[in-house]
Amino acid sequence: MNLSGLSSLTGLRRIIVGENELLKNLTGLEKLESVSYQMHITLNKGLLSLTGLENLHYLSEAYITSNDVLPDLSGLEVVIGVQWLVMGENSALTSLAGLNNLRSSTNLIIRGNASLANLDGLDNLTYVGWLQIVGNAELLSLSALVTSASGRSNANARVGALGLKSSISLAILNSCYARSNLCAHSWAASALS
(Lines give C-alpha, C1' and ligand atoms only; values in the text may rest on other atoms or scores of the structure.)
Protein backbone atom coordinates (compact mmCIF):
# COMPACT_ATOMS: atom_id res chain seq x y z
CA MET A 1 0.00 0.00 0.00
CA ASN A 2 1.21 3.53 -0.78
CA LEU A 3 -0.07 7.08 -1.17
CA SER A 4 1.01 7.54 -4.81
CA GLY A 5 -2.47 8.75 -5.78
CA LEU A 6 -1.78 11.92 -3.80
CA SER A 7 1.48 12.72 -5.57
CA SER A 8 0.33 16.03 -7.09
CA LEU A 9 -0.65 17.67 -3.77
CA THR A 10 1.52 20.61 -2.68
CA GLY A 11 -0.63 21.99 0.15
CA LEU A 12 -3.45 20.86 2.39
CA ARG A 13 -5.49 22.27 5.22
CA ARG A 14 -5.73 18.92 7.03
CA ILE A 15 -4.45 15.42 6.42
CA ILE A 16 -5.27 12.31 8.41
CA VAL A 17 -3.33 9.14 7.70
CA GLY A 18 -4.71 6.58 10.09
CA GLU A 19 -5.51 2.95 10.68
CA ASN A 20 -3.54 1.68 7.68
CA GLU A 21 -1.99 -1.64 8.69
CA LEU A 22 -0.11 -2.15 5.42
CA LEU A 23 1.30 1.37 5.02
CA LYS A 24 5.10 1.31 5.46
CA ASN A 25 5.93 4.97 4.63
CA LEU A 26 4.36 8.14 3.27
CA THR A 27 5.79 7.88 -0.22
CA GLY A 28 3.45 9.72 -2.55
CA LEU A 29 3.44 12.93 -0.51
CA GLU A 30 6.84 14.14 -1.74
CA LYS A 31 5.41 17.35 -3.26
CA LEU A 32 3.52 18.32 -0.09
CA GLU A 33 5.02 21.59 1.21
CA SER A 34 2.45 22.78 3.74
CA VAL A 35 -0.33 21.62 6.04
CA SER A 36 -2.01 24.78 7.27
CA TYR A 37 -4.14 23.24 10.03
CA GLN A 38 -3.59 19.66 11.19
CA MET A 39 -1.65 16.56 10.28
CA HIS A 40 -2.59 13.33 12.03
CA ILE A 41 -0.47 10.24 11.52
CA THR A 42 -2.02 7.73 13.86
CA LEU A 43 -2.72 4.04 14.37
CA ASN A 44 -0.61 2.87 11.42
CA LYS A 45 0.58 -0.48 12.76
CA GLY A 46 3.15 -1.10 10.00
CA LEU A 47 4.49 2.44 9.49
CA LEU A 48 8.30 2.25 9.47
CA SER A 49 9.15 5.80 8.37
CA LEU A 50 7.82 9.25 7.53
CA THR A 51 9.64 9.12 4.20
CA GLY A 52 7.60 11.15 1.74
CA LEU A 53 7.39 14.30 3.88
CA GLU A 54 10.87 15.58 3.01
CA ASN A 55 9.50 18.78 1.40
CA LEU A 56 7.04 19.65 4.16
CA HIS A 57 8.17 23.15 5.18
CA TYR A 58 5.10 24.53 6.93
CA LEU A 59 3.21 22.60 9.56
CA SER A 60 0.79 24.13 12.05
CA GLU A 61 -0.22 21.11 14.16
CA ALA A 62 1.12 17.57 14.00
CA TYR A 63 -0.07 14.54 15.93
CA ILE A 64 2.12 11.48 15.47
CA THR A 65 0.54 8.88 17.71
CA SER A 66 0.13 5.13 18.17
CA ASN A 67 2.35 4.03 15.29
CA ASP A 68 3.63 0.75 16.75
CA VAL A 69 6.84 0.22 14.75
CA LEU A 70 7.90 3.80 13.88
CA PRO A 71 11.53 4.07 15.13
CA ASP A 72 12.19 7.80 14.52
CA LEU A 73 10.82 10.89 12.79
CA SER A 74 13.05 10.87 9.72
CA GLY A 75 11.26 12.66 6.92
CA LEU A 76 10.54 15.84 8.88
CA GLU A 77 14.03 17.31 8.43
CA VAL A 78 12.91 20.58 6.78
CA VAL A 79 10.36 21.55 9.46
CA ILE A 80 11.83 24.41 11.53
CA GLY A 81 8.74 25.49 13.47
CA VAL A 82 5.38 24.06 14.50
CA GLN A 83 2.59 25.32 16.77
CA TRP A 84 1.55 21.94 18.24
CA LEU A 85 3.64 18.80 18.04
CA VAL A 86 2.38 15.71 19.85
CA MET A 87 4.36 12.47 19.77
CA GLY A 88 2.64 9.83 21.83
CA GLU A 89 2.24 6.12 22.32
CA ASN A 90 4.71 5.23 19.56
CA SER A 91 6.02 2.11 21.29
CA ALA A 92 9.08 1.58 19.03
CA LEU A 93 10.14 5.25 18.90
CA THR A 94 13.74 5.28 20.12
CA SER A 95 14.85 8.62 18.69
CA LEU A 96 13.49 12.01 17.66
CA ALA A 97 15.89 12.03 14.71
CA GLY A 98 14.23 13.86 11.87
CA LEU A 99 13.44 16.90 14.00
CA ASN A 100 17.07 18.03 13.84
CA ASN A 101 16.16 21.38 12.25
CA LEU A 102 13.21 22.16 14.52
CA ARG A 103 13.86 25.53 16.15
CA SER A 104 10.57 26.36 17.86
CA SER A 105 7.28 24.90 19.01
CA THR A 106 4.53 26.62 20.95
CA ASN A 107 3.44 23.28 22.43
CA LEU A 108 5.59 20.15 22.40
CA ILE A 109 4.18 17.01 23.99
CA ILE A 110 6.21 13.81 24.26
CA ARG A 111 4.18 11.16 26.05
CA GLY A 112 3.98 7.41 26.45
CA ASN A 113 6.78 6.45 24.03
CA ALA A 114 7.92 3.30 25.81
CA SER A 115 11.31 2.94 24.05
CA LEU A 116 12.41 6.59 23.89
CA ALA A 117 15.74 6.81 25.77
CA ASN A 118 16.78 10.40 24.99
CA LEU A 119 15.66 13.54 23.19
CA ASP A 120 18.36 13.43 20.50
CA GLY A 121 16.93 15.17 17.48
CA LEU A 122 15.87 18.25 19.46
CA ASP A 123 19.45 19.54 19.54
CA ASN A 124 18.60 22.76 17.65
CA LEU A 125 15.39 23.60 19.49
CA THR A 126 15.68 27.11 20.94
CA TYR A 127 12.11 27.90 22.03
CA VAL A 128 9.19 25.92 23.45
CA GLY A 129 6.21 27.64 25.03
CA TRP A 130 4.94 24.49 26.80
CA LEU A 131 6.96 21.29 26.95
CA GLN A 132 5.30 18.21 28.43
CA ILE A 133 7.27 15.01 28.94
CA VAL A 134 5.10 12.28 30.44
CA GLY A 135 5.27 8.49 30.73
CA ASN A 136 8.35 7.76 28.64
CA ALA A 137 9.62 4.90 30.79
CA GLU A 138 13.12 4.68 29.26
CA LEU A 139 13.79 8.43 29.02
CA LEU A 140 16.67 9.33 31.33
CA SER A 141 18.21 12.42 29.75
CA LEU A 142 17.19 15.93 28.71
CA SER A 143 20.69 16.72 27.46
CA ALA A 144 19.63 17.28 23.83
CA LEU A 145 17.70 20.33 25.01
CA VAL A 146 20.83 21.98 26.37
CA THR A 147 23.57 20.66 24.09
CA SER A 148 23.58 21.23 20.34
CA ALA A 149 24.27 18.41 17.91
CA SER A 150 27.87 19.68 17.65
CA GLY A 151 28.32 19.25 21.41
CA ARG A 152 28.19 22.94 22.28
CA SER A 153 26.02 24.28 25.09
CA ASN A 154 22.71 25.54 23.78
CA ALA A 155 22.62 28.58 26.08
CA ASN A 156 19.77 30.16 24.11
CA ALA A 157 17.27 27.36 24.75
CA ARG A 158 14.07 28.70 26.33
CA VAL A 159 11.17 26.73 27.75
CA GLY A 160 8.21 28.77 28.95
CA ALA A 161 6.72 25.99 31.09
CA LEU A 162 7.71 22.40 31.68
CA GLY A 163 5.62 19.47 32.87
CA LEU A 164 7.37 16.26 33.86
CA LYS A 165 6.37 12.89 35.15
CA SER A 166 8.63 10.61 37.17
CA SER A 167 10.68 9.35 34.21
CA ILE A 168 12.98 12.38 34.65
CA SER A 169 14.42 13.10 38.05
CA LEU A 170 14.70 16.66 39.31
CA ALA A 171 18.45 16.04 39.74
CA ILE A 172 18.74 15.62 35.97
CA LEU A 173 16.61 18.72 35.39
CA ASN A 174 18.74 20.77 37.79
CA SER A 175 21.90 19.55 36.06
CA CYS A 176 20.53 20.72 32.71
CA TYR A 177 19.43 24.03 34.18
CA ALA A 178 22.86 24.64 35.65
CA ARG A 179 24.46 24.24 32.21
CA SER A 180 22.17 26.58 30.29
CA ASN A 181 19.24 28.95 30.51
CA LEU A 182 16.95 26.04 29.59
CA CYS A 183 14.00 27.23 31.63
CA ALA A 184 14.93 30.87 32.03
CA HIS A 185 11.32 31.98 31.71
CA SER A 186 8.78 30.75 34.26
CA TRP A 187 9.36 27.00 34.39
CA ALA A 188 7.64 24.65 36.76
CA ALA A 189 8.25 20.93 37.06
CA SER A 190 4.97 19.41 38.07
CA ALA A 191 3.87 15.90 38.92
CA LEU A 192 1.45 15.01 36.16
CA SER A 193 -0.69 11.94 36.39
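Since we're looking at a predicted model, the values are computed, not measured.

S.K.: I'd love a proper account of the overall build of the chain, names of residues and values included.
M.R.: Scanning the chain for helices and strands turns up 1 helix and 7 strands. Scanning the chain from its N terminus toward the C terminus, one meets helices and strands in the order β-β-β-β-β-β-β-α. Burial statistics for the chain: of 193 residues in total, 45% are counted as buried. Partitioning the contacts of the chain with sequence separation of at least 6, the portion at a separation of at least 24 is 43%. A total of about 8,500 Å² of accessible surface is found on the chain, and carbon and sulfur atoms cover 53% of it.

S.K.: Tell me about the pattern of salt bridges, and please be specific about residues and values.
M.R.: Opposite charge on two side chains permits them to pair, given that their charged atoms come into close proximity. Applying the stated criterion across every chain yields a total of 2 salt bridges. Measuring nitrogen to oxygen at the nearest pair gives 3.6 Å for the salt bridge that ties Lys 45 to Asp 68. Here Lys 45, found in the loop between β2 (34-42) and β3 (58-65), pairs with Asp 68, found in the loop between β3 and β4 (81-88); they are 23 residues apart in sequence, far enough to count as distant. Lys 45 sits in the partly exposed class, given a relative accessible area of 43%. The class for Asp 68 is partly exposed, based on a relative accessible area of 31%. In this structure, Arg 111 and Glu 89 form a salt bridge, with 3.4 Å as the shortest nitrogen-oxygen distance. Placement of Arg 111 in strand β5 (residues 104-111) and of Glu 89 in the loop between β4 and β5 is noted, with a sequence separation of 22 residues between them. Judged by its relative accessible area of 30%, Arg 111 is partly exposed.

S.K.: Could you give an account of empty space enclosed by the protein, with specific residues and numbers?
M.R.: Under the counting rule described, the total for this entry stands at 1 cavity of 30 Å³ or more. Approximately 40 Å³ is the volume attributed to the largest cavity. What lines the largest cavity is Leu 59, Ala 62, Ile 64, Leu 76, Val 79, Val 82, Leu 85, Leu 99 and Leu 102. Taken together, the elements giving at least two residues each to the lining of the largest cavity come down to β3 and β4. Of all the elements, β3 adds the most residues to the lining of the largest cavity, at 3 residues. When its residues are assigned to classes, the lining of the largest cavity shows 9 nonpolar, no polar and no charged.

S.K.: Give me the environment of Gly 18: which residues, what numbers.
M.R.: Within the element layout of this structure, Gly 18 appears in strand β1 (residues 11-18). Distance in space between the C-alpha atoms of Gly 18 and Thr 65 is 9.5 Å, their sequence separation being 47 residues. If we skip the residues at most four places from it in the chain, Gly 18 touches Thr 42, Leu 43 and Asn 44.

Conventions we followed
- Residues numbered from 1 in each chain as written.
- Predicted model: local features only at pLDDT ≥ 70, side-chain atom pairs only at ≥ 80, totals over all residues.
- Heavy atoms only, no water.
- Helix = DSSP H or I, 4+ residues; strand = E, 2+ residues; numbered from the N terminus.
- Buried < 20%, exposed > 50% of the residue type's maximum accessible area, 1.4 Å probe, protein only.
- Contact = heavy atoms within 4.5 Å.
- Areas by Shrake-Rupley, 256 points an atom, 1.4 Å probe, with all protein chains shown as cover.
- Salt bridge = Lys/Arg side-chain N within 4 Å of Asp/Glu carboxyl O.
- 1 Å grid on protein atoms, 1.4 Å probe; cavity = no way out; pocket = protein on both sides within 12 Å on 5 of 7 lines; lining within 4 Å.
- Points joined across faces, edges and corners; volume = space filled by probe spheres on them.
- Nonpolar A, V, L, I, M, F, W, Y, C, P; charged D, E, K, R; others polar.

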